[in-house]
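Architecture at a glance
Listed below are the residues making up each chain.
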There are 2 protein chains.
Amino acid sequence: MEGEPTLRLRIFDLNCWAIRYLSKRRQERIGLIGDALRRDSFDLVLLQEVWSEQDYSELAVKLAGCYPFSHYFRSGIIGSGLCVFSRFPILDTLLYQYSLNGYPYMLQHGDWFCGKSVGVGLEVTAPLLSLSVQLHAEYCREKDAYLPHRLVQAWELAQFIRHTSKAADVVLLGGDLNMHPEDVGIRLLRGWTGLQDAFAEAACFEGCKNGCTLVPDNCFTEQSELQPFPLGIRIDYILYKAISSFTVKCEELKTTTGPAPGTDIPFSDHEAVMATLHIQRQGQPGGATLGTAELADVVTEARTEVGVGLRAAQRQRYSSGRMAVLALLLLLLQAAAALGTLAGLGAEQPFPKLSFCLLAFLALGVLVLATGLHLFHTMEVKMLHGTEDQMRMALRALQEHP
Amino acid sequence: MEGEPTLRLRIFDLNCWAIRYLSKRRQERIGLIGDALRRDSFDLVLLQEVWSEQDYSELAVKLAGCYPFSHYFRSGIIGSGLCVFSRFPILDTLLYQYSLNGYPYMLQHGDWFCGKSVGVGLEVTAPLLSLSVQLHAEYCREKDAYLPHRLVQAWELAQFIRHTSKAADVVLLGGDLNMHPEDVGIRLLRGWTGLQDAFAEAACFEGCKNGCTLVPDNCFTEQSELQPFPLGIRIDYILYKAISSFTVKCEELKTTTGPAPGTDIPFSDHEAVMATLHIQRQGQPGGATLGTAELADVVTEARTEVGVGLRAAQRQRYSSGRMAVLALLLLLLQAAAALGTLAGLGAEQPFPKLSFCLLAFLALGVLVLATGLHLFHTMEVKMLHGTEDQMRMALRALQEHP
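Each chain has its residues counted from 1, following the order in which its sequence is written. Whichever chain is written first becomes A and whichever ligand is written first becomes 1, with later ones labelled in order. Since the coordinates come from a predicted model, pLDDT governs what is reported: local features require at least 70, and pairs of side-chain atoms require 80 or more to be given and counted, while whole-chain, interface and lining totals use all residues. Note that water and hydrogens are dropped before the side-chain values are worked out from all heavy atoms of the structure.

Let us now look at the interface of chain A and chain B. It only takes one pair of heavy atoms within 4.5 Å for two residues to be counted as in contact. On the side of chain B, 43 residues touch chain A, which itself brings 43 residues to the contact. By definition here, a salt bridge exists when the distance from a side-chain nitrogen of Lys or Arg to a carboxyl oxygen of Asp or Glu is within 4 Å. The interface formed by chain A and chain B includes 0 salt bridges. Under the rule applied, a polar contact is a pair of N or O atoms within 3.5 Å (in protein, one hydrogen donor and one hydrogen acceptor; residues adjacent in sequence only if both atoms are side-chain atoms). Here chain A and chain B share 0 residue pairs in polar contact (both at pLDDT 80 or more) between them. Counting from the N terminus, the helices are the DSSP runs of H or I reaching at least four residues and the strands are the DSSP runs of E reaching at least two. At the level of secondary structure, the elements contributing two or more residues to the side of chain A that touches chain B comprise β5 (90-97), α4 (147-164) and α8 (353-400) of chain A. Per-class residue counts for the side of chain A that touches chain B are 20 nonpolar, 15 polar and 8 charged. Put simply, Ala, Val, Leu, Ile, Met, Phe, Trp, Tyr, Cys and Pro go in the nonpolar bin, Asp, Glu, Lys and Arg in the charged bin, and everything else, Gly too, in the polar bin.

Below, the structure written as structure tokens:
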């Protein structure tokens, strides 16, 4: 931004829902997204859930003309699904993987396998720190077992932004945060970083009612998931923050509504969010950051939830450990019985080889599984405990240096 | 450092080798370390391999008087082993876990279970960024299977420092880097961040010859490990860097030599490193950073090694995938045989229940193991690929903006 008094930045953010073999009409939609991005040229495009590297490559080839710079963030077993396309050179990238991201045994909720992460691109429109992020999905609002994990992620994301953004002029975050605007995780992230919500700040808005990005009108949306929210929910965000002597204003915010132009299907099961930001070198950094007392309240609320998760993880660690010990005892008992038979004890009765073998198989399986679970929950306890510690330290710092 | 024209900072760094049940005379040594730290008061103490939280708590209680601020970094299944004690308030902490850290099935090399990480403490002697780190151990210099993983860690550490240190005045790194001073990983870390080696810069040095920290005279050192290096090796470092308008000079560097005062045992199987730094607010940031061509050479060398690791990981992914497919085929074959028997085919021969059951058990075990390995190596390939990508981007940036 050197030498330029003002800059207009157009940003496109979309959760593409491009899961190979699972997402409906994936390739067609990726094609549509590419066409739209080429037609309506943005400065910065932040995409999530582009799980297949081939889809990314196709997009990169198609968009090479108008977005000469791009990056795909690799992580986890499946990948992070994050990628960035930019009209400005991407100087550097960094990937931060959250320490907690669901459970490997919840196969139907594939979050654990994805290596959910923050992908950071540093742009030469210097220094613009742009982040593409996705947090753990919420599968059930009433009984949200993943809330502590999502809060750890929100906290880690906020800490990561605080630590990496100090030399940036402007921080931009786009992504599917899987949280409603009033949820504690969003309040924590916004309060702890000072990021502003483009929807709340926009001078002019056009799109789905209340800025919703998961709406019942979308033909790919699972209607049952949205039952408690007949108007839809807003979980995809563009957040921004000016640092040093810049001001950022959101001139306009749009969401897509319904089918893509000229077709009968939308881009994705989420709506895209498009913001036009106006960046100016002058004045104090804007942004109504929370007061110390309010911020302390949010951190306390988040810490309580993390504490609830910690106790649940401790219980699970204990019960899986107990299960492993029981399986080991059963195996030892069997070994003793087998040795007894070999030594000629109870030789008058036939030894039930098959059921003995099956039982040993079962016990061994339970032992391996329970040990794995125990190790996993041990790690979970450590990370939740560490986050609780950090939050306590943050609260102390808030009290001592408001 | 506001208002203070100069500051003298005394730093203590030690790999404590405090593994419960495995490290010899652990509790006695932890006691000795605590006594020494209390007696000889430093400003900042960076410890590694404090694997037991109880050892940390004991130290924290003992040192509360002279080091009122401390933090233990929790991560992985066992923990990160990292902790920091400080005379100055620790304002904030952050933990970054490396994306690759050995193999879960190499149980004898426990690195995978430790969650090796960078622990960052931000001190109020503001802003001092102090890092306590440990990288993957080297188990065999001639055939170092972990070199690509260690290089990924060195790269991630360097990137992490670049991204988090921009608002710091001084960056301090202490830890067991498990690399010799001339190794490519050290050259990459130092070249990419501009960190200086306190041993090389010290005006005055006292301690083991050549600054070695793993020496044959130490009674806890495995003599066989040091056979190729009869004088010992230097793998524990204190590195530093001044940013903005500060200069840092290393006045004095010391290592411990032999038994702790008044006893017959040393603190650990590593020697401690102690530096006295002189920080001054004036002049240009010092430090002979590498020239662009030299830096490009180092990054290219590191990228080649990461490429070698990538190809090895791809081979392992392929062979574990093939093994899983074979095990699955065997299981299917067995299922077909069992169904055939049930349908009355081959009823004239007795069905070998026990061996059938054992074979199924074996095939299932191989299937589970091979699938696990395949998933793990898939993740490894992704991370090595991602790092190679980042290094390529760095090389391009070096060429275009030297």
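Moving on: the packing of aromatic side chains. What counts as a ring pair is set by centres within 6.5 Å for rings of Phe, Tyr and Trp (its six-membered ring), and what kind of pair is set by the plane angle: stacked under 30 degrees, edge-to-face over 60, tilted for all other angles. Taken as a whole, this structure holds 13 aromatic pairs over all chains when the rule is applied. A centroid spacing of 5.4 Å and a plane angle of 50° characterise the contact between B:Trp17 and B:Phe220, whose relative ring orientation is tilted. Of this pair, B:Trp17 sits in strand β1 (residues 6-18) while B:Phe220 sits in the loop between β10 (205-206) and β11 (236-242), placing them 203 residues apart in sequence. Residue B:Phe220 is classed as buried on the basis of its relative accessible area of 9%. What links up through ring pairs into an aromatic cluster is the set A:Tyr56, A:Tyr72 and A:Phe85. Just above the ring of A:Trp192 sits the side chain of A:Arg162; from NZ or CZ to the centre is 4.3 Å. Positioned above the aromatic ring of B:Phe220, the side-chain terminus of B:Arg29 is 5.3 Å from the ring centre. Under the scheme applied here, a residue whose accessible area is under 20% of the maximum for its type counts as buried, over 50% as exposed, and between as partly exposed, the area being computed with a 1.4 Å probe on protein chains only. For a Lys NZ or an Arg CZ to count as sitting over a ring, it must be within 6 Å of the ring centre and within 35 degrees of the ring normal.

As recorded in UniProt, the sites labelled "transmembrane region" (unreviewed entry) are residues 324-347 and 353-376 of chain A. Secondary structure content for residues 353-376 of chain A is 100% helix and 0% strand, and the end C-alpha separation is 34 Å. UniProt positions are given in the numbering used here, feature names are shortened, and annotations may be inferred rather than shown by experiment.

All names here are of chain A. Where each domain starts and ends follows an automatic or database-derived domain assignment. The domain boundaries assigned to chain A delineate domain 1 (7-290) and domain 2 (293-339 + 351-400). With 20 residues of domain 1 at the interface, the matching set in domain 2 holds 21 residues. Buried area: the sum, over both parts, of the accessible surface (1.4 Å probe) that disappears when the two are put together. Both sides of the domain 1 and domain 2 interface together cover about 1900 Å² of buried area, and 77% of this is carbon and sulfur. Between domain 1 and domain 2 we count 1 salt bridge in total. For Arg187, the salt bridge identified is with Glu301, shortest N-O distance 3.1 Å. Where domain 1 packs against domain 2, one counts 4 residue pairs in polar contact (both at pLDDT 80 or more). Counting only elements with at least two residues in the side of domain 1 that touches domain 2, the list comes to α4 and α5 (184-193). Each residue belonging to the side of domain 1 that touches domain 2 can be placed in one class, and the counts come to 14 nonpolar, 5 polar and 1 charged.

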